[in-house]
Amino acid sequence: MCRVTITLAVANQKGGVAKTTTVASLGAALAERGQKVLLVDLDPQACLTFSLGIDPEDLELSVHHVLTKGVSIGEVLIETDDGVDLLPATIELARAEADLLTRTGREHVVKMAVEDLPDGGYDWVLLDCPPSLGVLTVAALTAADGVLIPLQCETLSHRGVGQLLDTVHDVRRFTNRKLEVWGVLPTLYDGRTNHARTVLETISDTYHLDVIEPPIPKSIRFAEAPAAGRSILGTSRTHKGADAYRDVAANLLNRSHRPA
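Right, let's walk through the structure included here. Only a predicted model underlies this, so the values are computations on that prediction, with no experimental measurement involved. (Residues numbered from 1 in each chain as written. Predicted model: local features only at pLDDT ≥ 70, side-chain atom pairs only at ≥ 80, totals over all residues. Heavy atoms only, no water.)

## Section: the nonpolar core
Ranked by size, the top nonpolar core spans 51 residues in total, and within it Leu67, Val110 and Leu127 carry the most contacts. A total of seven residues in this core trace back to one element, the largest contributor, which is helix H6 (residues 135-143). Residue contacts for Leu67: discarding those within four places in its chain leaves Leu42, Leu93, Leu100, Arg103, Val109, Val110, Ala113 and Leu136. In this structure, Ala29, Ile54, Phe222 and Val248 belong to the second largest nonpolar core, which totals 34 residues. (Core = buried A, V, L, I, M, F, W, Y, C linked by side-chain atoms within 4.5 Å. Buried < 20%, exposed > 50% of the residue type's maximum accessible area, 1.4 Å probe, protein only. Helix = DSSP H or I, 4+ residues; strand = E, 2+ residues; numbered from the N terminus. Contact = heavy atoms within 4.5 Å.)

## Notes on the sheet that holds strand E6 (residues 146-152)
What the seven strands build is an open sheet, ordered E3-E4-E2-E5-E1-E6-E7; its pairing is mixed. Edge positions in the sheet fall to strand E3 (78-79) and strand E7 (180-187), since each of these pairs with one other strand and no more. Where E6 meets E7, seven bridges bridge the pair, whose relative direction is parallel. The residue bridging Gly146 from the neighbouring strand is Glu180, located in E7. Of the strands in this sheet, strand E1 (6-10), strand E2 (37-41), strand E5 (124-128), E6 and E7 are in contact with helix H1 (residues 19-32), which crosses E5 at around 165°. With respect to the sheet, helix H11 (residues 240-256) is in contact with E1, E5 and E7, its orientation differing from that of E7 by roughly 165°. (Pairing = 2+ DSSP bridges. Axes fitted to C-alpha atoms, helices over the stretch in contact; angles between N-to-C directions.)

## With respect to unusual backbone geometry
The peptide bond linking Glu213 to Pro214 adopts the cis configuration, its omega dihedral lying at -5°. With respect to the helices, strands and loops of the structure, Pro214 is situated in the loop between helix H8 (194-207) and helix H9 (220-224). For Ala46, which is not a glycine, the phi torsion comes out positive at approximately 60°. Looking at the secondary structure, you find Ala46 in the loop between E2 and helix H2 (47-51). For His208, which is not a glycine, the phi torsion comes out positive at approximately 55°. Locating His208 in the fold gives a position in the loop between H8 and H9. Looking at His208, the relative accessible area reads 70%, which means it is exposed.

## Section: H11
In this model, H11 (17 residues) spans 24 Å end to end at C-alpha, consistent with the 24 Å of a helix rising 1.5 Å per residue. Taken as a whole, H11 has its buried residues at Gly241, Ala242, Ala244, Tyr245, Arg246, Val248, Ala249, Ala250, Leu252, Leu253 and Ser256. Buried residues along H11 sit in contact with E1, H1, E5, E7, H9 and helix H10 (232-235). In the segment just after H11, His257 is the residue with positive phi, at about 60°. (Expected span 1.5 Å × (residues − 1).)

## Quick notes on the side chain of Ser256
Mapped onto the fold, Ser256 is located in helix H11. In this structure Ser256 touches Ile6, Trp124 and Trp182, once residues within four positions along its chain are discounted.

## Quick notes on the pattern of salt bridges
What the rule picks out here adds up to nine salt bridges. The closest approach of N and O atoms between Asp145 and Lys178, which form a salt bridge, is 3.0 Å. Of the two residues, Asp145 sits in the loop between H6 and E6 while Lys178 sits in the loop between helix H7 (161-174) and E7, which places them 33 residues apart along the sequence. Bridged by salt links that share partners, the residues Glu32, Asp243 and Arg246 form one connected network. (Salt bridge = Lys/Arg side-chain N within 4 Å of Asp/Glu carboxyl O.)

## What to know about the state of the cysteines
In total, this model carries zero disulfides according to the counting rule given. Of all cysteine sulfurs in the structure, the one in Cys129 sits closest to Cys47, which takes part in no disulfide; the separation is 14 Å. Classification of Cys47 by relative accessible area gives partly exposed; the value is 36%. The class of Cys129 is buried, set by a relative accessible area of 0%. (Disulfide = S-S within 2.5 Å.)

Take a look at the structure:
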């Protein structure tokens, strides 16, 4: 039976909200549940690529060549130790924004790349968007079925979410009518502080969006995992942060109506 691929963009133009950690950890958690997962690094900083144990400077081909040079995804894919496949990034991707600005149909380059994947190849494609609302983020949203917004449980991190939602609205109008906001994922959560608890309680009312549970706890283990070239599910399997991402993955599977 042919798989139906779900493409999920993980986006927030504010940096430092655990966006890349979320992509890597969710990918690993979905893979643990028997899902076939592709992660796509769309950030020129290549943090996702590095955090999964691949040195971007050692790569001759990357997602940049897929999006701007017509190289097939199959030539660029890398299998990782976390049981997911990766379409890696390098600093060359920074040129893609400029290269694509003058290209007709630039909003559709990620969509076309995903559509070129073999039929039934993946259950999930997770897109790690850059911390901006530029061409690559718009292209990711154009390719996606849904968008997940990691949001740090601090008041200042709320600034800019409205801009992202405006961009989602524009994408819906012009390039991807089916795009849905799946919800906000609270990250870097410290339940010991009144401030974090208050922010968590007000997210839903502030943005009228679903809050994906459970919140991801703040922990040094997340910072340590990339040094080992793995997600937290590979380095600290029984840690509460790893379990939180497993629970989030289960909730996303339920939303997609896909059997685990």
